[in-house]
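As a plain string of letters, each chain reads:
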Amino acid sequence: MKQAKICMLGAFCVGKTSLVARFVKSVFSDKYHSTIGVKIDKKVVSVGDAPVTLVLWDLEGEDDLVRVQMSYLRGAAGYLLVVDGTRPETLETAVLLRRRIETEVGVLPFVLLLNKCDLTDLWALDDPGLLGLRDAAATTLKTSAKTGQNVEEAFAALASAAMGGPAPDAAGGKP
Amino acid sequence: MNDDTSLIADVLGAMGLLVAKRVDGGFRWIGTPPPWSEDFGCAASEPCDLISSFAFMALFLHDAEAFWAEAEGAATISSAPWSEPDRVGVDHQLEAVAMRLPTGSGADDEAVEVVAVAGAGADFVQTQSILQAARERRLAVDRELAVQRQVEQQLRLRVEQRTVELARTNEQLRTLAAQVGLAEQRERHRLAVGLHDHVGQLLAAAKLQAAAERAAAADPAQRERLGALLEVMDKAIDATRTLTFELSPPMLYELGLVATLASLVEQIARQHASIACIFCDDGEPKEMSQDVEVVLFQVARELINNALKHAAATRLVVETRAEPGVLVMAVTDDGVGFDERVLHEPVVGAGGFGLCTVRERMDHLGGRLEVDTRPGAGTTVRVQVPME
């Protein structure tokens, strides 16, 4: 069976671990747990008609205390770049992370996730271009690990993009 | 395995570490794999395949190979902690160490290259709690700031909306006031025209007829009665003229603002002999609509009445002149003056409202009002409106 290494990247507490937990175990917890180093999980998905094992590398969040090690992306087929829609500063972190990935690792397909879309009252992203990330991403989705909105679609879109599959919109997610 | 390696394996094994030695491009267990590692498929009876057992090892061994190629003497590198599920899906927190250990004290002694994996993860629990506490504090501050930003934004929007509404309401009020003023002036004009054209004419005709009767009367007593009647009729005609002028001077519509102001000042001079009343005009043409002239006449009359009532002046000058694009009208007296601050904070009974009303009328016409006064130093009120 084919395997694809997929990395989760973003600022701290944007919901990377929660998205993986929702995707892999269909669970969600409001309690925040900092990821130390990297947390690895696996899930088999179908890309086209072929099963593919996604090896999910959930990297610890970036902030001024912790810097993501780019070596963790070695061998990755793509990554999910996660932004917390209630904290605009996490969009800036995402921009910086993507720039570092392209400099230190190379160009990889990625899907941009604007997470926590269930918190509509606190939503704070209003830039339609999202600082240039929207155009660069294979697709952009508003997600909620809490409700599950667009979570399956996000991983499917990245798996498809990483395996050279059909256009990301075929994943069915709505940005 | 020589004695040194065996000793290391015993020590590492006693610490609950999974230990593998690099041999011939592959790995071989050293000692007995600890119980926790069996869930990852690591057992003495199983082949030693670290990459199959741990997904993270593909990355770590890549770094370890580079390290072993470069390292000299005893050396160690360790991974960052990581978390990975075992074969039954239970997450374990793990940490790996790659070591290069000389087996003896001589320079030619062979080095042993070893990988050890710790499965307890206890070492970074404290690190995690410190990091987590710092991030939770940061999140709490960020959320508080976000809420503050949101509240500020809502308040700012509310203030902007209310300001726009207030400006709109003020504009509507000004327009309404101007319309009411014009409607009032038109009604006064209608009454003035009625008085002048009908009542005035009837009185004049009656006076002529009475005068003819008086001339034809042979009886002295009758002539005396008709003479008294003619005096009363003269007074009625004068009163009608005065009332007509006060209501709305017909000459404002026939001869325009400048002539009417000149007439008004003459009338004031006759009525207030103790005040020197002067009217000045620069003689330049002043093109304005009739509505604007009506408003300016009302304003002039109000300013003159203010001076007569409050200034205790001995000299009153009304001036009109044309400046580029605008007409300037000024009313100046040499009276008691007043504190200009009254205009900015008008108080009922303390004055200031009349000039505020004038200012609003000027605003509505796209003009402006200036007041130059101070206690004991007289007053000049200057209004300026655009000309057509």
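Just so you know, these numbers come straight off a predicted model, no measurement behind them.

Novice: I'd like a rundown of the overall build of chain B, residues and numbers included.
Specialist: Looking only at helices and strands, one finds 10 helices and 11 strands in chain B. When burial is assessed residue by residue, chain B has 24% of its 388 residues classed as buried.

Novice: A description of the confidence of the model for chain B should follow, citing residues and the corresponding values.
Specialist: Confidence in the prediction of chain B, expressed as mean pLDDT, is 86, and 91% of residues score 70 or more. Across the predicted assembly, pTM comes out at 0.61 and ipTM at 0.80.

Novice: Run through the packing of helix 1 (residues 16-25) of chain A against helix 4 (residues 151-162) of chain A, naming residues and quoting values.
Specialist: All names here are of chain A. The N-to-C vectors of helix 1 and helix 4 enclose an angle of 90°; their axes lie 9 Å apart at closest approach. Considering their axes alone, helix 1 and helix 4 lie roughly perpendicular with respect to each other. Contact with helix 1, carried on its side by Leu 19, Arg 22 and Phe 23, involves Val 151, Glu 152 and Phe 155 of helix 4 and no other residues of that element. Across the contact of helix 1 with helix 4, the residue classes break down as 4 nonpolar, no polar and 2 charged.

Novice: How would you explain the interface of chain A and chain B if you had to name every residue and give the values?
Specialist: Opposite the 22 residues of chain A that make contact, chain B presents 22 residues. Among the elements that line the side of chain A that touches chain B, the one with the most residues is strand 2 (residues 38-47) of chain A, at 4 residues. Residues of the side of chain A that touches chain B, tallied by class, amount to 11 nonpolar, 6 polar and 5 charged. Where strand 2 of chain A meets strand 4 (residues 82-85) of chain B, 2 bridges bridge the pair, whose relative direction is parallel. Within the sheet, the bridge partner assigned to Lys 39 of chain A lies in strand 4 of chain B and is Ser 83 of chain B.

Novice: Requested: an account of the environment of Leu 316 of chain B, with residues and values cited.
Specialist: All names here are of chain B. Mapped onto the secondary structure, Leu 316 falls in strand 8 (residues 315-323). Here the alpha-carbon distance between Leu 316 and Ile 304, two residues 12 residues apart in the chain, equals 8.1 Å. Setting aside its immediate chain neighbours within four residues, Leu 316 contacts Ile 275, Cys 277, Ile 304, Ala 307 and Asp 333.

Novice: Help me get a handle on the packing of helix 7 (residues 257-271) of chain B against helix 8 (residues 290-311) of chain B, residues and values and all.
Specialist: Residues and elements named next belong to chain B. Where helix 7 meets helix 8, the closest approach of the two axes is 10 Å, and the angle between their N-to-C directions is 20°. The angle between helix 7 and helix 8 places the two elements in the roughly parallel class. Pair helix 7 / helix 8 crosses with right-handed handedness. Residue-level inspection shows Leu 257, Thr 260, Leu 261, Leu 264 and Ile 268 of helix 7 in contact with helix 8, the latter providing Glu 293, Leu 296, Phe 297, Ala 300, Arg 301 and Ile 304. Among the residues making up the contact of helix 7 with helix 8, the classes are represented as 8 nonpolar, 1 polar and 2 charged.

Novice: Please provide a residue-by-residue account of the sheet that holds strand 10 (residues 368-373) of chain B, values included.
Specialist: Residues and elements named next belong to chain B. Across the sheet, which stays open at both edges, the 5 strands sit in the order 7-8-9-11-10 with mixed pairing between neighbours. Sheet topology places strand 7 (276-281) and strand 10 at the edges, where each strand pairs with a single neighbour. Adjacent strand axes in the sheet meet at a mean angle of 10°, parallel and antiparallel pairs treated alike. With 6 bridges connecting them, strand 10 and strand 11 (residues 379-386) associate as antiparallel partners. Directly across from Thr 373, in strand 11, lies its bridge partner Thr 379. The strands touched by helix 8 are strand 8, strand 9 (326-333) and strand 11; relative to strand 9, the strand with the most contacts, the crossing angle is about 15°.

Novice: Hey, could you go over unusual backbone geometry for me, with residue numbers and the actual values?
Specialist: All names here are of chain A. Here Ser 26, not a glycine, exhibits a phi torsion of approximately 55°, which is positive. Take Ser 26: it is sitting in the loop between helix 1 and strand 2. Positioned with a positive phi, Lys 116 is a non-glycine residue whose angle comes to about 70°. In this fold, Lys 116 is placed in the loop between strand 5 (110-115) and helix 3 (133-136).

What counts, and at which threshold
- Residues numbered from 1 in each chain as written.
- Chains lettered and ligands numbered in written order.
- Predicted model: local features only at pLDDT ≥ 70, side-chain atom pairs only at ≥ 80, totals over all residues.
- Helix = DSSP H or I, 4+ residues; strand = E, 2+ residues; numbered from the N terminus.
- Buried ≥ 20, exposed ≤ 12 C-beta atoms within 10 Å, placed from the backbone.
- pLDDT = per-residue confidence, 0-100.
- Axes fitted to C-alpha atoms, helices over the stretch in contact; angles between N-to-C directions.
- Parallel < 35°, antiparallel > 145°, perpendicular 65-115°, else oblique.
- Contact = placed C-beta atoms within 7 Å.
- Nonpolar A, V, L, I, M, F, W, Y, C, P; charged D, E, K, R; others polar.
- Pairing = 2+ DSSP bridges.
- Left-handed = near helix turned anticlockwise from the far one by under 90°.

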